[in-house]
Amino acid sequence: MATHVLHPGPKGRRRHITLDEDLPVDHRLSKVYRVGAGLMGLVLLAFGILGLIDKVGFFDTRGDTVAGLNTNGALSVLSIGVGLLLFVGMVIGGNAASTLNMVLGVAFLLSGFVNLALLDSRFNFLAFRIQNVLFSFVVGVLLMTFGMYGRVSGGLPHDNPYWKARHPDRAR
């Protein structure tokens, strides 16, 4: 059951919610977004570097095991790229880090479903195994949780910047 309804405004015109581009530097939500992006970026960066050290073929579908997960050169390079992207989000912080966490979280979930369908096929170019699929789901949910923390909820406190943006008349 929804706790509030967004009204489209006069004659069907939609009211657009705008947020300040940045949260205050010391806002506690920004810390959550930064820590989430940094931790997940560190994990992916370490996995990618360890995968490249093993010198596995770039599209080797058999792959090699690194930290309990299957990998090949392509997955290692992709992991390093996404890990660096998460570090960039950590440095930027604020709404950008939150949005990046949510978008990459959804991407990880979709990747898990796609690679689950491709597990035993010749199209498994990233050498995924079931443990990789589970890892992708876990990372996706964690990134989405870090990104949505304090931003998506029916019970946001009234000092929350997202609540203020959704209720400008009551925020004054």
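Residues numbered from 1 in each chain as written. Predicted model: local features only at pLDDT ≥ 70, side-chain atom pairs only at ≥ 80, totals over all residues. Heavy atoms only, no water.

### Describing the layout of surface pockets
- Put simply, the largest pocket is a space of about 250 Å³.
- Lining the largest pocket are 16 residues, with Leu75, Leu78, Phe108, Ser111 and Phe128 sitting closest to its centre.
- Only helix H1 (28–53), helix H2 (73–92), helix H3 (94–117) and helix H4 (130–148) provide two or more residues apiece to the lining of the largest pocket.
- Here the residues of the lining of the largest pocket sort into twelve nonpolar, four polar and no charged. (1 Å grid on protein atoms, 1.4 Å probe; cavity = no way out; pocket = protein on both sides within 12 Å on 5 of 7 lines; lining within 4 Å. Points joined across faces, edges and corners; volume = space filled by probe spheres on them. Helix = DSSP H or I, 4+ residues; strand = E, 2+ residues; numbered from the N terminus. Nonpolar A, V, L, I, M, F, W, Y, C, P; charged D, E, K, R; others polar.)

### Regarding the side chain of Asn101
- When you line up the elements, Asn101 lands in helix H3.
- Setting aside residues no more than four positions away along its own chain, Asn101 makes contact with Tyr33, Gly36, Ala37, Leu86, Leu143, Met144, Phe146 and Gly147. (Contact = heavy atoms within 4.5 Å.)

### Brief notes about the nonpolar core
- Ala37, Met40, Leu44, Val82, Leu86, Leu100, Leu104, Phe108, Val139 and Leu143 together form the largest nonpolar core, which totals ten residues.
- Of all the elements in the fold, those that place two or more residues in this core are H1, H2, H3 and H4.
- Here Leu104 is in contact with Val82, Leu85, Leu86 and Leu143, once residues within four sequence places are set aside. (Core = buried A, V, L, I, M, F, W, Y, C linked by side-chain atoms within 4.5 Å. Buried < 20%, exposed > 50% of the residue type's maximum accessible area, 1.4 Å probe, protein only.)

### Some words on the packing of aromatic side chains
- Here the structure, examined in full by the defined rule, presents two aromatic pairs.
- An angle of 55° between the planes, with centres 4.9 Å apart, marks the rings of Phe113 and Phe137 as tilted. Residue Phe113 is located in helix H3, and its partner Phe137 is located in helix H4; the two are separated by 24 residues in the primary sequence.
- The exposure class assigned to Phe113 is exposed, which follows from its relative accessible area of 53%. (Phe/Tyr/Trp six-rings, centres within 6.5 Å; stacked < 30°, edge-to-face > 60°.)

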